[in-house]
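# A structural walkthrough
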Amino acid sequence: MTDTAASTVRSTDVTVMLRVNGRARRLQLDSRVTLLDALRDHLDLTGTKKGCDQGACGACTVLLDGKRVLSCLALAAQCDGRAVTTIEGLAPDGRLHPVQQAFIRHDVFQCGYCTPGQIMSAVALLEEGRAGSDEEIREFMSGNLCRCGAYPNIVAAIRDIAALGSES
Ligand code: FES
Ligand code: FES
C-alpha cells in the first residue's frame, strides 16, 4: 500500500516513488527538489537536518539503499524506486538502535543539531567495516562536522559498538 503527499501539480512536477523507512511513499514534487527537502517538507521527517545545504557538513546524512548519502546533494527524482532510511527509521518501534544507545551512553549530545547525521553516518561506517581504529573512525566520519566539538565522544561511542561486534 502506498500513500501520497501531493499538492497542486505544475509542469515541472514529477512523480517519485520512494520506500522511506520501510513504507512506500508516492510524491508529486518539483523535479528540482532535493531528497532532503522532500523528506523534511513533503514527508514531515524533520529528524534529518539541514546545515550548509551544499554538501559540506553531513547534517543531512541518510541511507540510500543502505549507503550513506548527503540528502542535500541528491535530487528526490533521482531516488525514484529506492529505499531511504532516516533517523526516524532506526527506531521504528520506539526501541533505540544500538548506535543511538551508545551515543547516549557517551554523552555525545551538546546542541544535538549534527547528531542525526552523525548517527546515520556511524551506522553506515560500522556496516562498511570502517571502525577498526580511532584513526579510521575519525577519517570515515570526517564528512560529519560538529560545531560543538563532540568528536571524542562520537569516536568513543562508535568504538564501543565496533568492540561489541568484534566480541560476537
Ligand atoms: S546540509 Fe547536506 S551536507 Fe550540510
Ligand atoms: S552537538 Fe552541536 S553541532 Fe554537534
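As a starting point, this report considers the structure included with it. Quick caveat: nothing in here was measured; it's all calculated off a predicted structure.

Conventions and cut-offs
- Residues numbered from 1 in each chain as written.
- Chains lettered and ligands numbered in written order.
- Predicted model: local features only at pLDDT ≥ 70, side-chain atom pairs only at ≥ 80, totals over all residues.
- Heavy atoms only, no water.
- Salt bridge = Lys/Arg side-chain N within 4 Å of Asp/Glu carboxyl O.
- Helix = DSSP H or I, 4+ residues; strand = E, 2+ residues; numbered from the N terminus.
- Buried < 20%, exposed > 50% of the residue type's maximum accessible area, 1.4 Å probe, protein only.
- Axes fitted to C-alpha atoms, helices over the stretch in contact; angles between N-to-C directions.
- Parallel < 35°, antiparallel > 145°, perpendicular 65-115°, else oblique.
- Left-handed = near helix turned anticlockwise from the far one by under 90°.
- Contact = heavy atoms within 4.5 Å.
- Nonpolar A, V, L, I, M, F, W, Y, C, P; charged D, E, K, R; others polar.
- Polar contact = N/O pair within 3.5 Å; in protein donor to acceptor, adjacent residues only side chain to side chain.
- Patch = residues over 30% accessible without salt bridge, like charges linked within 9 Å, V, L, I, M, F, W, Y side chains within 5 Å.
- Areas by Shrake-Rupley, 256 points an atom, 1.4 Å probe, with all protein chains shown as cover.

## Overview of the pattern of salt bridges
Under the criterion given, the structure shown has eight salt bridges. Notably, a salt bridge pairs aspartate 134 with arginine 159, separated by 2.6 Å at the nearest N-O pair. Pair noted here: aspartate 134 is in helix H4 (residues 134-140) and arginine 159 is in helix H5 (residues 151-167), with a separation of 25 residues, a long-range link. Judged by relative accessible area, which is 40%, arginine 159 ranks as partly exposed. Here the residues in one salt-bridge network are Asp37, Lys50 and Asp53, joined through shared partners.

## Thoughts on the packing of helix H2 (residues 98-105) against helix H3 (residues 115-128)
Contact geometry of H2 with H3 gives a least axis separation of 10 Å together with a crossing angle of 125 degrees. The angle between H2 and H3 falls in the class oblique. The hand of the H2/H3 crossing is right-handed. Together, Val99, Gln100 and Phe103 of H2 and Thr115, Gln118, Ile119, Ala122, Val123 and Leu126 of H3 make up the contact between the two elements. Of the residues in the contact of H2 with H3, the class split is six nonpolar, three polar and no charged.

## Here's the deal with the side chain of aspartate 13
Relative to the assigned elements, aspartate 13 resides in strand E2 (residues 13-20). A relative accessible area of 11% means that aspartate 13 is categorised as buried. A polar side-chain atom of aspartate 13 sits 3.4 Å from the main-chain amide nitrogen of aspartate 30. Not counting the four nearest positions on each side in its chain, aspartate 13 is found in contact with Thr8, Gln28, Leu29 and Asp30.

## So, the environment of glycine 66
Here glycine 66 lies in the loop between strand E4 (61-64) and strand E5 (67-70). In this structure glycine 66 comes out as partly exposed when scored by relative accessible area, which is 44%. For the pair glycine 66 and glutamine 54, spaced twelve residues apart in sequence, the C-alpha to C-alpha distance is 22 Å.

## Comments concerning a nonpolar patch on the surface
Judged by side-chain polarity, Leu96, Ile104 and Phe109 come together as a nonpolar surface patch covering roughly 250 Å² of accessible area. For phenylalanine 109, the location among the structural elements is in the loop between H2 and H3.

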